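Now for the letters of each chain:
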Amino acid sequence: MVKLIKRGKRLGLVAMASFLAVALVVSACAPARALAGSQEKVVKVGWDGILTGPLADTGVSATNGLKDCARFINERGGINGVEIIVDWEDTRAEIPRTITVHKRLKERGMLMEVNIILGTVEANMRSILRDEIPMLMVTGHSDLTLAKDDQGLRWVFTLFPSYRAEGWAPAAWLKENWTEERPPRAGAMLYDHISALEGGEGFKIACKELGIEFVGTEIVPWMGAIDTTTEWLRLAAKKPDMVFVGDCGATLVTNIKTAKRLEIMERGIKLVHVEHCFDDALHVVGKDAEGWYVFRPFPSATADADLRGMKIMLEKAEEYRGWEPEKVEGSYIPGWIAMTVMEEAFRLAIEKVGYDNLSGRAVRDGLASIKGFDCEGLMPPITLSDKHPYACERIRLYQIREGKFSLVSDKWYPYPIMLDVD
């Protein structure tokens, strides 16, 4: 009898464990809006965060901007009473992790996903199309991310056209300011990542079209680049007038410090970067970045503090984190902008189908129907569609002076359309 009782207890425990396991699975798969309770309305954004690893400087900054903007939106009443929840996991910018994270966030009910790493989005394109969860990239497109589904719809939208298009503005700026009789000479320093390689390809095309002599490219690791002396010396020996630099995170820090130690600029070589991640490295390298040029589609917290949206952002960064403008400078800004774009997409989706009928498809249609959206002056009015799946069409030049971004001129350089978006 005792044995039977003990056996029954064991069977009961097994049954209870099975019940709990099923309950956990069911709750994980529940719609995002149901997670906060029946009385609250919420929508969930899945954030492929980069909080550790070689790109963490950029990832943490973007995460803070994204979350702070969501908090600000919710404090003002959300999207007509619907709260935004940012559900995130750390991917370290690694493709295997990102594939797993996408699946987890999907199971937890995300209606939109946001990412800043081109390579990981490319790897997830099949899942994005299959799962019908729209993706907003804080960066730019490649040929792969422009893929359409069987109905001819796009599921990936970006804040600027493409990484390849980034290369045009530095080449155009070099050419228009050139005064010598010989043609200008230019080279590229890139880390071994698809985003930088795309940018370098666009820069080479621009040099060829503008009559600039391209002297070559040096490739350094995107992870674990602790010394780039050889690459800098090899490139400097070819006597370029300008070097196009494409990298982020730890490798960018190494490149800036190595260029300073080798006195690359003292050789008459202009150093030009094209990404907002330079801002994040600036907090680390300090005076070693003095004199660098940076093209950016996003405003500066120090140089553009008078913008309406920047005033709001700086006020909230000080309230939420106690940060001064210099601390806000970085990927925090496009992270904040991306959340305002997602808020507008959700608003349009709810307006069209109603909260109870929200789906990934409805939110995608919301993204693809944004017209003339004004994110408080942080970017020119934004329009997104299947034929125009990117927000920004132009870029400006800044220079690091006394540790801050200084606007070189009011001129905006257009992004050329270097990918097929038909």
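Residues numbered from 1 in each chain as written. Predicted model: local features only at pLDDT ≥ 70, side-chain atom pairs only at ≥ 80, totals over all residues. Heavy atoms only, no water.

Visitor: Help me understand the overall build of the protein chain in this model?
Guide: Counting its secondary structure elements, the protein chain contains 14 helices and 13 strands. Taking 22 Å as the expected radius of gyration for a compact globule of 422 residues, we find that the protein chain reaches 24 Å, a close match to that expectation. In the protein chain, once contacts between residues fewer than 6 apart in sequence are set aside, the share between residues at least 24 apart is 69%. Total accessible area computed for the protein chain in this model is approximately 18200 Å², and 53% of it derives from carbon and sulfur atoms. In the protein chain, which carries 53 positive and 60 negative side-chain charges, the distance between the mean positions of the two groups comes to 6 Å. (Helix = DSSP H or I, 4+ residues; strand = E, 2+ residues; numbered from the N terminus. Rg over C-alpha atoms; globule rule 2.2 N^0.38 Å. Contact = heavy atoms within 4.5 Å. Areas by Shrake-Rupley, 256 points an atom, 1.4 Å probe, with all protein chains shown as cover. Lys, Arg positive; Asp, Glu negative; His and termini not counted. Charge placed at Lys NZ, Arg CZ, Asp CG, Glu CD.)

Visitor: Looking at this structure, I do not really get the sheet that holds strand S5 (residues 156–162). What am I missing?
Guide: The strands making up a sheet associate through backbone hydrogen bonding, with each pair oriented either parallel or antiparallel. Read from one edge of the open sheet, five strands run S2-S1-S3-S4-S5, paired in parallel fashion. The outermost strands of the open sheet, each flanked by one partner alone, are strand S2 (83–90) and S5. Each neighbouring strand pair of the sheet contributes to a mean axis angle of 25°, computed without reference to strand direction. By the bridge criterion, three bridges tie strand S1 (residues 42–49) to strand S3 (residues 112–115) in an arrangement that is parallel. Paired with Val45 across the bridge in S3 is Met112. Across the sheet, helix H2 (residues 56–75) lies against S1, S2 and S3, angled at about 160° from S2, the strand it touches most. Contacts between helix H13 (residues 332–353) and the sheet are confined to S1, S2, S3, strand S4 (135–141) and S5, with S4 contributing the most and set at about 135° to the helix. (Pairing = 2+ DSSP bridges. Axes fitted to C-alpha atoms, helices over the stretch in contact; angles between N-to-C directions.)

Visitor: Teacher, can you tell me more about the state of the cysteines here?
Guide: Put plainly, two cysteines are in a disulfide when a covalent bond ties their sulfur atoms together. If you walk through the whole model with that rule in mind, you get one disulfide. We note that Cys69 lacks a disulfide partner, and the nearest cysteine sulfur, in Cys375, lies 9.4 Å from it. The cysteine Cys392 is free of any disulfide, with Cys375 supplying the nearest cysteine sulfur at 9.7 Å. On the accessibility criterion, Cys392 (2% relative accessible area) is buried. (Disulfide = S-S within 2.5 Å. Buried < 20%, exposed > 50% of the residue type's maximum accessible area, 1.4 Å probe, protein only.)

Visitor: Would you mind showing me how to read the packing of H2 against helix H11 (residues 308–321) here?
Guide: Each pair of packed helices gets described by two things: the angle between the helix axes and the distance between those axes. Contact geometry for H2 and H11: axes closest at 11 Å, N-to-C directions at 95°. Between H2 and H11, the crossing angle belongs to the class labelled roughly perpendicular. Together, Asn64, Asp68, Arg71, Phe72 and Glu75 of H2 and Ile312, Lys316, Tyr320 and Arg321 of H11 make up the contact between the two elements. Tallied by class, residues from the contact of H2 with H11 come to three nonpolar, one polar and five charged. (Parallel < 35°, antiparallel > 145°, perpendicular 65-115°, else oblique. Nonpolar A, V, L, I, M, F, W, Y, C, P; charged D, E, K, R; others polar.)

Visitor: So what exactly am I meant to see when it comes to the packing of aromatic side chains here?
Guide: Geometry of an aromatic ring pair is reported as the spacing of the ring centres plus the angle between the planes. Taken as a whole, this structure holds twelve aromatic pairs when the rule is applied. Taken together, a centroid distance of 5.4 Å and an interplanar angle of 40° make the contact between Phe278 and Trp292 tilted. Linking Phe278 in helix H10 (residues 277–285) with Trp292 in the loop between H10 and strand S10 (293–296), this pair joins segments that are 14 residues apart in sequence. Phe278 sits in the buried class, given a relative accessible area of 0%. (Phe/Tyr/Trp six-rings, centres within 6.5 Å; stacked < 30°, edge-to-face > 60°.)

Visitor: Got a minute to help me understand the side chain of Arg296 in this structure?
Guide: Among the secondary structure elements, Arg296 is positioned in strand S10. The class of Arg296 is buried, set by a relative accessible area of 1%. Side chain to side chain, Arg296 and Asp279 meet in a polar contact 2.7 Å long. From its side chain, Arg296 meets the backbone oxygen of Phe298 in a polar contact 2.9 Å long. Among all residues touching Arg296, those that are not within four sequence positions of it are Asp279, Glu329, Ile333, Ile395, Arg396, Tyr398 and Phe405. (Polar contact = N/O pair within 3.5 Å; in protein donor to acceptor, adjacent residues only side chain to side chain.)

Visitor: What's the story with the environment of Ala169 in this structure? I'm lost.
Guide: Here Ala169 shows up in helix H6 (residues 168–176). In the structure, Ala169 is positioned 27 residues away from Ala196 in sequence and 15 Å away in space, judged by C-alpha atoms. Excluding its chain neighbours within four sequence positions, the residues that come into contact with Ala169 are Phe295, Ile395 and Tyr413.

Visitor: Would you mind showing me how to read empty space enclosed by the protein here?
Guide: Here the idea is plain: a probe the size of a water molecule rolls over the atoms and shows the empty space left. In total, this model carries two cavities of 30 Å³ or more according to the counting rule given. In terms of lining residues, the largest cavity is bounded by 20 residues, among which Tyr163, Tyr191, Ser195, Cys248 and Glu275 are the most central. Going through the elements one at a time, helix H7 (194–210) and strand S8 (242–246) are the ones with two or more residues in the lining of the largest cavity. It is H7 that contributes the most residues to the lining of the largest cavity, three residues altogether. Residue composition of the lining of the largest cavity, grouped by class: ten nonpolar, seven polar and three charged. Within this model, the second largest cavity holds a volume of roughly 60 Å³. Per-class residue counts for the lining of the second largest cavity are eight nonpolar, two polar and no charged. (1 Å grid on protein atoms, 1.4 Å probe; cavity = no way out; pocket = protein on both sides within 12 Å on 5 of 7 lines; lining within 4 Å. Points joined across faces, edges and corners; volume = space filled by probe spheres on them.)

Visitor: Mind showing me how you'd approach the confidence of the model for the protein chain here?
Guide: As a general rule, the predicted coordinates of low-pLDDT regions are not to be interpreted in detail. The pLDDT averaged across the protein chain works out to 89; a share of 91% of its residues lies at or above 70. Long-range and interchain partners of residues 1–38, a stretch whose pLDDT sits below 50, account for 21 contacts in this model, where long-range means more than four residues apart. (pLDDT = per-residue confidence, 0-100.)

Visitor: Can you help me understand unusual backbone geometry in this one?
Guide: It is generally the case that most residues other than glycine have a negative phi and that most peptide bonds are trans. Positive phi outside glycine occurs at Asn80, with the angle close to 55°. Phi angles above zero are rare outside glycine, and Ala93 is one such case at about 65°. Position of Ala93 relative to the elements: it lies in the loop between S2 and helix H3 (95–107).

Visitor: Please clarify how the environment of Ala391 should be interpreted in this entry.
Guide: In this fold, Ala391 is placed in the loop between helix H14 (360–367) and strand S11 (394–401). Note: C-alpha distance between Ala391 and Phe373 (18 residues apart in sequence) is 9.7 Å. Beyond its immediate sequence surroundings of up to four residues, Ala391 is in contact with Thr158, Leu159, Met379, Ile382 and Leu384.

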